[in-house]
Amino acid sequence: MKTYRSYKKVDPVYFSGEIFFPVGLLCAAALISYVLLYFIGLGFAVFFNAALAWCGYFYFYYYGRSRAGITLEFLTGVFLLTAFLLFADYGVYALVQYQKTALFNGLYFSIWLTILLGTPIIYYTYYFGSHYYAKVRLANTYLKASFSVYHDREHLMYIDSVAFINSDKHLISDIEVENNIPFYSDQELAEMEISSKYYHLQQSAFSGLIHIPFDTDRFEISWYSIIEDQYYKINIPFPFTKLKLEEEKYPLNESKNIRGQKIKRTYLHIYLNGGFKLYNDDTVLLDFSTNKPTEISDEEKHEKIITHQLSHKYYNNKEHFSQLIESIRKSNNIQERFELKDKSVVWNLEFSGLDENHYLEITDINFRNYKIEKAAVEISPRYLPKKITFVYRGSYLFPWLKLHINTQKLNQFIEQVLPDDFENRVLFSLDFKDSNPKDLVFTISSNAKKVLFEDWEIEIDEYRKKEMDEEQLEKRMDNTKRTLLKEGWDFVFAKNYKAAQKNCEALQVIDPQYASAYFLEVRILWYTKGFEICYSKRDYFIAKTEHEPPVNALIYNNYGCILDRELRYEESLSYFEKAIEINPKEPIFVCNLGEMYYKLKDPAKALKEARKAKMMGYESDMLSEILANKGVIDLINH
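Residues numbered from 1 in each chain as written. Predicted model: local features only at pLDDT ≥ 70, side-chain atom pairs only at ≥ 80, totals over all residues. Heavy atoms only, no water.

Asks: Describe the packing of helix H21 (residues 603-615) against helix H22 (residues 621-628), with residues and values.
Replies: At a minimum axis separation of 9 Å, H21 and H22 run at an interaxial angle of 130°. It follows that H21 is oblique to H22 by the angle criterion. As H21 runs across H22, the sense of the crossing is left-handed. Facing Ala606, Leu607, Ala610, Arg611, Ala613 and Lys614 of H21, the residues of H22 in contact are Leu623, Ile626 and Leu627. For the contact of H21 with H22, the residue count by class is 7 nonpolar, no polar and 2 charged. (Axes fitted to C-alpha atoms, helices over the stretch in contact; angles between N-to-C directions. Helix = DSSP H or I, 4+ residues; strand = E, 2+ residues; numbered from the N terminus. Parallel < 35°, antiparallel > 145°, perpendicular 65-115°, else oblique. Left-handed = near helix turned anticlockwise from the far one by under 90°. Contact = heavy atoms within 4.5 Å. Nonpolar A, V, L, I, M, F, W, Y, C, P; charged D, E, K, R; others polar.)

The following block contains the structure:
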């Protein structure tokens, strides 16, 4: 395996600002050289650059050294640095010569400038170009895959290697299994929070992004099964043509050539007797129920057992670890769970006691994930669920509750209610009593039989639950307010102002900032107390609705209409104009303004506003009259 080459990440390159520090020093040295050349002469300028090279190189060469003897290597460095400074100073030398003699050698200056500027340009072009080429080469050599390795929690093992190999090009995938997953005792698990407990119970042996060589032709895996006391090493042909390649879409700021290709998440499950299954959502790539073990020395076995023990806390004890292995070997749990992996049942699930806006995300025993809507009816066989996540559709998705199921026990309960032929459907019913997730009742029913199932645990994301509860409360309050508001207006239209006022007061108790309640109140006040009292409180109602512009515009329009009723057309104009300013998309305000100009005998403005309201899609008898009369009011009929 040592002769194979694996994916090596290319670190990103950046144009570093550190380059400006030496450039700044070089410019400062050139400026001093210019002064020396202009006022003193060439000799002093050369001496200054040599001295600068000596001092600067002395500092960097002897920094951190205990001795400071002059060496040939040091002198060579000083000479080269002096030559570089003098070359960089040629530009200021040419400038001084031009200033003193008016002679300028354009050829030499062009060569100097080309070398001085061209060298860093060529360097950085090569630097960034080689980086880009390296990333393109990797994208054309390896494909990406999200890869996970699983085995039964009680199937204690030490995984040596998992590799996808292109034997022709001597390429290999970059999978490094660390074998550091702790096995917790029942007491340790009982002391954990639910989320931590199931994180460890469901933890994979490996999970991450890997890079598989294109045209992989071999798959190799080796591990020591502590439970079986057997070592397995398998190297078999790999069906690369079964993989369905997809174009990688991310990151968006990189070109398609660099992003490369990928495959769907791929899983490797390791079983007893050397069996394993390699698959993804599209297809099963490799599936072996058994494999022959390979002999290794007792020393190698002991080393792997000790390494495994060291990853535990309670079982990092030879006696405890031996007892654990013995108890696992005596039980049939691993084999029983193994047999469940290919067992499917026609089951459906219903739940009650939660908000209607919920749907379920199911994770089955084969790590497949899919959604179930509340009203969904599934009639095809499915693998048994091991985790059910309840997701609330609100302002965004709230996955707030997870139901962790003991699938082994679930299967035993199903067998109590199902006949041997397994043709009938099983129904899982989840009833949240009084909407309390901790009062969940889980029943399994089929063929008129029903049993209570209790081998599950609930994990609640308190933060998301709090957000969801607040949003649901806000939604319920909003529905209550809408209902009270509608009833209030119904009472107004029925001229039952006393009942309407009660609804208005109830709304203001629920939400003192609810602007629509103040619009309802101002109309009730107008109808019951008359113009003077209603008009006298205009500042109060305007202030109460300023935070909600659409309702604030209605308040202004309302007072415009009141003034219209009082034949105070001139005064009403400013209210309608303010309503339009606040909400220019409401055509009735525009029409009302046009009506006031119509009544004030200003046909040009009346016609202008009426046409504007018409273009906004508004229709009314008054609008039709203004347009028909071209803004000129018929005083006889008014």
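Asks: Could you give an account of helix H17 (residues 538-545), with specific residues and numbers?
Replies: Along H17, the residues classified as buried are Phe541, Ile542 and Thr545. Relative to the axis of H17, the buried residues are bounded by an arc of 100° and lie together on one face. Taken together, the buried residues of H17 touch helix H15 (515-529) and helix H18 (549-565). (Buried < 20%, exposed > 50% of the residue type's maximum accessible area, 1.4 Å probe, protein only. Arc of directions from axis to C-beta.)

Asks: Can you break down the environment of arginine 265 residue by residue, with the values?
Replies: Looking at the secondary structure, you find arginine 265 in strand S9 (residues 261-270). C-alpha of arginine 265 to C-alpha of serine 148: the two residues are 117 residues apart in sequence and 7.9 Å apart in space. Apart from residues no more than four positions distant in its own chain, arginine 265 is found in contact with Ser146, Phe147, Ser148, Ser207, Tyr279, Asn280 and Asp281. Polar side-chain contacts of arginine 265 include one of 2.8 Å to the side chain of serine 148. (Polar contact = N/O pair within 3.5 Å; in protein donor to acceptor, adjacent residues only side chain to side chain.)

Asks: Got a sec to walk through the pattern of salt bridges? Specific residues and values, please.
Replies: For side chains of opposite charge, pairing can occur when their charged atoms come near one another. For the structure on display, the rule yields 23 salt bridges. A salt bridge links aspartate 461 to arginine 464; the nearest nitrogen and oxygen atoms lie 3.2 Å apart. Among the residues examined, aspartate 461 registers a relative accessible area of 29% and is labelled partly exposed. Among the ionic pairs, lysine 481 bridges to aspartate 511, the shortest N-O distance being 2.9 Å. Of this pair, lysine 481 sits in helix H13 (residues 462-493) while aspartate 511 sits in the loop between helix H14 (497-510) and H15; the two residues are 30 residues apart in sequence, bridging distant segments of the chain. By relative accessible area, which is 9% here, lysine 481 ends up buried. Taken together, the shared-partner salt bridges connect Asp152, Glu154 and Arg337 into one network. (Salt bridge = Lys/Arg side-chain N within 4 Å of Asp/Glu carboxyl O.)

Asks: Which residues make up the sheet that holds strand S21 (residues 449-453), and what are the values?
Replies: The strand order across the open sheet formed by 4 strands is S13-S19-S20-S21, and the pairing between neighbours is mixed. On the outer flanks of this sheet lie strand S13 (347-352) and S21, each paired with one strand and no other. Recorded for the sheet is a direction-independent mean angle of 20° between the axes of neighbouring strands. Summarising the sheet, S13 and strand S19 (residues 426-432) pair through 6 bridges and their orientation is parallel. Directly across from tryptophan 347, in S19, lies its bridge partner valine 426. Each of S19, strand S20 (440-446) and S21 is contacted by helix H12 (residues 407-417), which is oriented at about 160° to S21, the strand it contacts most. (Pairing = 2+ DSSP bridges.)

Asks: Now, about the sheet that holds strand S1 (residues 5-6): what can you tell me, with residues and values included?
Replies: Spatially, S1-S4-S3-S6-S7 is the arrangement adopted by the 5 strands of the open sheet, whose pairing is mixed. Every other strand in the sheet has two partners, leaving S1 and strand S7 (230-237) as the edge strands with one partner each. Here 2 bridges tie strand S3 (residues 157-166) to strand S4 (residues 171-172), and the two strands are oriented antiparallel to one another. In the strand pairing of S4, asparagine 166 is matched with leucine 171.

Asks: Tell me about the nonpolar core, and please be specific about residues and values.
Replies: Residues Leu520, Val522, Cys534, Phe541, Ile555 and Tyr559 are the most contacted members of the largest nonpolar core, which totals 49 residues. Per element, the largest residue contribution to this core is 9 residues, and it comes from H15. Those residues in contact with isoleucine 555, other than ones at most four positions away along the chain, are Tyr518, Phe519, Val522, Phe541, Ile542 and Thr545. Judged by nonpolar contacts, the second largest core, of 36 residues, contains Leu354, Leu410, Phe432 and Phe453. (Core = buried A, V, L, I, M, F, W, Y, C linked by side-chain atoms within 4.5 Å.)

Asks: Lay out helix H5 (residues 106-141) in plain terms, naming residues and giving numbers.
Replies: Residue pairs three or four apart in sequence face the same way in an α-helix, which turns once every 3.6 residues. Counted at 1.5 Å a residue, the expected span for H5 with its 36 residues is 52 Å, and the 50 Å between its end C-alpha atoms agrees. When H5 is considered as a whole, its buried residues turn out to be Trp112, Gly118, Tyr124, His131, Ala134, Lys135, Val136, Leu138, Ala139 and Thr141. Looking at the buried positions of H5, the neighbouring elements they touch are helix H3 (72-88), helix H4 (90-101), strand S2 (142-151), S4, strand S5 (206-213) and helix H8 (256-259). The residue sitting at the N-terminus of H5 and contributing the capping side-chain oxygen is asparagine 105; that oxygen lies 3.2 Å from the backbone nitrogen of leucine 107. (Expected span 1.5 Å × (residues − 1).)

Asks: Hey, could you go over the packing of aromatic side chains for me, with residue numbers and the actual values?
Replies: Within the structure shown, the criterion is met by 42 aromatic pairs. Aromatic pair tyrosine 392 and phenylalanine 398: ring centres 5.9 Å apart, planes at 45°, arrangement tilted. Overall, the relative accessible area of 1% leaves phenylalanine 398 in the buried class. Between tyrosine 559 and tyrosine 575, the aromatic rings sit 6.3 Å apart at their centres with planes inclined by 40°, giving tilted as the arrangement. Here tyrosine 575 lies in helix H19 (residues 569-582) and tyrosine 559 lies in helix H18, a separation of 16 residues in the sequence. (Phe/Tyr/Trp six-rings, centres within 6.5 Å; stacked < 30°, edge-to-face > 60°.)

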